[in-house]
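Per-entry structural report
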Amino acid sequence: MSEHTTTSRPRIWRRMAAVAVSTLLLVCGGATTSAAYSPWGGGGPWGGSQHDSWVGTWATAPTATPDTATSVLHDETIRQIVHTSVGGDQVRLRLTNEFGETPLRIGEVHVALRSGSSGTDIDPETDRTVTFGDRTSVTIPAGAPMLSDPVDLALPASSDLVVSIHLPEKTPVTTLHAFSYQDNVVAAGNVTGDTRVEATETLTQWHFLSGVSVRTHGRSTGAVVALGDSITDGAATEVNANHRWPDLLADRLHRTGVLNVGISGNRLLHDPNPPEGSDAENYAAFFGQSALGRFDRDVLAQPGVSHVVVLLGVNDLGHPGTTAPESETVTAEEIIGAHRQLVTRAHAEGLRIYGATITPFKGDTLGFYSEENEAKRQAVNEWIRTSGAYDAVIDFDEVLRAPDDPLRLRPAYDSGDHLHPNDEGMAAMAEAVPTWLFGHGGPR
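Residues numbered from 1 in each chain as written. Predicted model: local features only at pLDDT ≥ 70, side-chain atom pairs only at ≥ 80, totals over all residues. Heavy atoms only, no water.

Attention now moves to the nonpolar core. One broad rule of soluble globular proteins: the nonpolar side chains tend to lie buried together. Counting 106 residues, the largest nonpolar core has Ile 106, Val 109, Val 111, Leu 161, Leu 227, Trp 245 and Phe 438 as the members making the most contacts within it. Sort the elements by how many residues they give to this core and helix α6 (residues 332-348) lands first, with 7 residues. With sequence-adjacent residues up to four places away left out, Leu 161 is seen in contact with Gln 80, Ile 81, Val 82, Thr 84, Val 111, Ala 112, Leu 113, Leu 153, Leu 155 and Val 212. (Core = buried A, V, L, I, M, F, W, Y, C linked by side-chain atoms within 4.5 Å. Buried < 20%, exposed > 50% of the residue type's maximum accessible area, 1.4 Å probe, protein only. Helix = DSSP H or I, 4+ residues; strand = E, 2+ residues; numbered from the N terminus. Contact = heavy atoms within 4.5 Å.)

The subject of this paragraph is the pattern of salt bridges. Tallying each qualifying case throughout the model produces 18 salt bridges. One salt bridge connects Glu 98 with Arg 94, and the closest N-O pair in it is separated by 3.3 Å. Arg 94 shares its class with Glu 98; the two are buried. Through salt bridges with shared partners, a single network forms among Glu 374, Arg 377, Arg 385, Asp 395, Asp 397 and Arg 401. (Salt bridge = Lys/Arg side-chain N within 4 Å of Asp/Glu carboxyl O.)

It is worth spelling out the layout of surface pockets at this point. If you add up the space inside the largest pocket, you get close to 320 Å³. The wall of the largest pocket is formed by 18 residues, among which Gly 100, Glu 101, Thr 102, Pro 172 and Thr 174 lie closest to the centre. Elements represented by at least two residues in the lining of the largest pocket include exactly β7 (104-106) and β14 (171-172). For the lining of the largest pocket, a count of residues per class yields 6 nonpolar, 7 polar and 5 charged. For the second largest pocket, the calculated volume is near 260 Å³. Considered class by class, the residues forming the lining of the second largest pocket number 8 nonpolar, 8 polar and no charged. (1 Å grid on protein atoms, 1.4 Å probe; cavity = no way out; pocket = protein on both sides within 12 Å on 5 of 7 lines; lining within 4 Å. Points joined across faces, edges and corners; volume = space filled by probe spheres on them. Nonpolar A, V, L, I, M, F, W, Y, C, P; charged D, E, K, R; others polar.)

Structure, rendered in structure tokens:
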């Protein structure tokens, strides 16, 4: 679970939910949103906290790597940039060896604020050594994560944190997030504390790092977890720009952590299963465990989690027959059943969970579209909008669809593959999410 105890949350939620006062309908930025209004203001027991607590400020979802795409580091430092959401006066890292089959030896880890708005140089006055049980070096068991000790560092909201990890031994990179849309670098030797490093390689992945949390003071509305696929992950957005829709939502929320656990290619119901002999064998592992399989780790275990936004289902429709066997074809009812299960599991932990409609993809270049898949998308979206299962509905379909052909993306928002929104489309998605859903003012 989270670093802040959640033992009493389900009981508190049931008691407080009894006084929820109304169901509201809101049209905001083109999105139709229905939600139960809570007297917390923050939407759950994390809302309006008046004491110090640990809240996630950045996250990513780790995956395994294909055998053909498993790089090896040896006496090298991986220096990685993460863009934070909420600020605090201490930070804590979550490292991960969750897909490793052997122990992961970490030589040294440093954190610092980035110097300037580009590159990987650090502000040396903010450089801090990270410890694990007061040790600067640690071994992470196979299949496990590792939380650091708290580090005294004033971390502003919406800032760039530099995390430098030295790997002293020959280390296969078996646990990573494959699509960071952020330039990170590899450098020779242990240069974790150097102000500037000489890069031997630049890559757009995050290695062995899955979370950063902060200690907050005073009123906090917790953390929002964005659970999704490539559209949440940031596919087709400008590298180094932090134009993913969760990043842009974080810019509007300020006092709330926003944690992006989108994975490109992710499905609700199936793990990666590339057809034997297909090109997908070289990349499908990056698609991650099914949302049902990873929900506890990627959502419930996040520090301070109070809300979840779910945008999933398009890959369940499009992968069978392309990057997965046709035998994994699913019905609309099966997709709806998976959504119901996510709602049930979130509510069991006292979280508010919001459902986002599946966005249009007619004419896509990935081979997802068919009349049958479109009929399923419409059925799932109708259920999301009208069933009342989710605590609110965020209608991204309505935001992104073309006025003259609602089965297609609006041309101004189309990245070119007719499935993924471009940066402008991401901005429209973020703007369409009412901030009051997360305790920022009343309905409007």
